[in-house]
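# Geometric and topological summary
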Amino acid sequence: MIIYTSICANYTHKARLLAESVKSNMPEAKFIVCLTERSIPDGVANKFFDEVILAKDIWPNNFDRFIYKHAIVEASTAVKGRFLQYIYEHYADEDIFIYLDPDCYVYSDFVELKQALNRKPIVVCPHLLQPGNIDMELSSTAHGVYNLGFLAVKRSEEAGKFIDWWAERLHLFCYDDIARGIFTDQKWVDLAPCFFDVEIFKHRGYDFSIWSLLDCGMKKEGGKYYIKGDELRFIHFSGQGAMAEKCMRDWLPAGEHPFKELYAEYSSRHEESDADHISQMPWSYAVYQDGSKIDDEIRSAYRDKYWDYVIENPFALNNVEVARKINYIPEDKPDTFTKEAVFKAMKLIDDFIRLWEQDKKIYFYGAGIYGEEFATFCERKGLSIESFIVGDGSGKDVLNGIPVLNMDNSEIDRENAIVVLTLRSSLHSVVSQNLMNCGYSNIYDGGSNQQYDLLHQFVRWELRQ
């Protein structure tokens, strides 16, 4: 029997608790972690983890292109289907495969589940087993009838067909996009009982959670916990924190209650498990290779145009470059950026970058704020600058690690220099004349004051991304 979970590194502390609880109650089970990170960070390995496997290492095609579509809340669910395919194929001696969310905790052996898998090859748990909680009934219609914090399959032709179908759907559409009828990996499984031989598992001791609290009838007898006569097997501590505490206030009676006792114990252990603060570890797929943050708006636009524009490695770009490649105009742009202006600015950026294709040295005139912004932009692009030049001294010898020289410096080869104006456009005319009087003939000003201002706005906007 294999039990697996899917996490990003910031959920490692939860997976530690889950794995320990699995091994305490079902020591024969192999526990495997699917990790959606670029590499396995220090601190992730744990004595209760039999294996930690990177999602990218089992992916059959371009993982970077795939995972860029997903925010962190979607990522660990988007890989669940393909990972189940992988372990199903690579552990040929195993018959039972169970998925548990990392915030689950096991209290006893899965006796009834093993029996259910002898009846049906696929087992799912509904969120609700009785009417009455209209808030959760509405939530189930939006988020999915079955909770995919749990899923079990037994090796068979039918299970194989289900896994392949589910994995394909998650590869194409695993988003938190309720308006389009999609909720990560979960909403898809509403269709599973229509397509496959599925057991809708109604044992109240499995996947017990905050949505189960209203009139739950939980009792503690002889050191064991029961929900309306069904022995507790595992709790899904979804919403641990403010949400869970609100549900307990709203749906449990005042005073002591068995679930409150279990929740307090889990919360204490949860805090201990995060003593190394691994929950604060940033997601390695949240940034581009240059370290800049991926804008969620750009990510969403990219996935909407995923099949129209093939970008082999979007992480090698940045927000503006991805937007340009998919012909997308972000909402968070300067007010003056009409659609026409955005495309004009993109062309100006291209023309600006082409200056480096000429066999000349690039100088920036102006060592103030404009100069610093353009220099930072060029550094991100891997474009080198020979030096800043100024007219009458700026009080600086170096800016951004680049020397600052007077424009009459005799060491500057004027014939092989391109001078880019990096100061307010209202000064361009006077500065250009002064440069020409000093022997400079190749001066870049964007073509006009209006075009230069547009170029500068776009550079400044990109630096904010």
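Parameters and conventions
Residues numbered from 1 in each chain as written. Predicted model: local features only at pLDDT ≥ 70, side-chain atom pairs only at ≥ 80, totals over all residues. Heavy atoms only, no water. Helix = DSSP H or I, 4+ residues; strand = E, 2+ residues; numbered from the N terminus. Buried < 20%, exposed > 50% of the residue type's maximum accessible area, 1.4 Å probe, protein only. Pairing = 2+ DSSP bridges. Contact = heavy atoms within 4.5 Å. Axes fitted to C-alpha atoms, helices over the stretch in contact; angles between N-to-C directions.

### Details of unusual backbone geometry
Note: most residues except glycine have negative phi, and most peptide bonds are trans. Positive phi values are uncommon outside glycine, yet aspartate 215 reaches one of about 50 degrees. Following the sequence through the fold, aspartate 215 ends up in the loop between β10 (198–200) and β11 (218–221). Judged by relative accessible area, which is 53%, aspartate 215 ranks as exposed. The backbone phi angle of histidine 277 is positive, close to 60 degrees, even though this residue is not glycine. Secondary-structure assignment places histidine 277 in the loop between α10 (258–273) and α11 (296–304).

### Considering the sheet that holds β11
Pairing is antiparallel in the open sheet, where three strands are placed in the order β11-β12-β13. This sheet does not close on itself; its edge strands, each paired only once, are β11 and β13 (230–231). Relative to strand β12 (residues 224–227), β11 is paired through four bridges, and the arrangement is antiparallel. Within β12, the residue paired with methionine 218 across the bridge is isoleucine 227. Together, β11 and β12 form the strand contacts of α10, whose direction differs from that of β11 by roughly 80 degrees.

### Things to note about the pairing of β12
Taking every second residue as pointing to the same face, the buried face of β12 carries Tyr225 and Ile227, while none of Lys224 and Tyr226 on the other face is buried. Here β11 hands over to β12 after two residues, with glycine 222 in that stretch at a positive phi of 60 degrees. Relative to β13, β12 runs antiparallel, the two sharing two bridges. In the sheet register, tyrosine 226 faces β13, and the bridge partner there is glutamate 231. Where β12 folds back on β13, the antiparallel hairpin that results is connected by two residues, among which lysine 228 adopts a positive phi of roughly 50 degrees.

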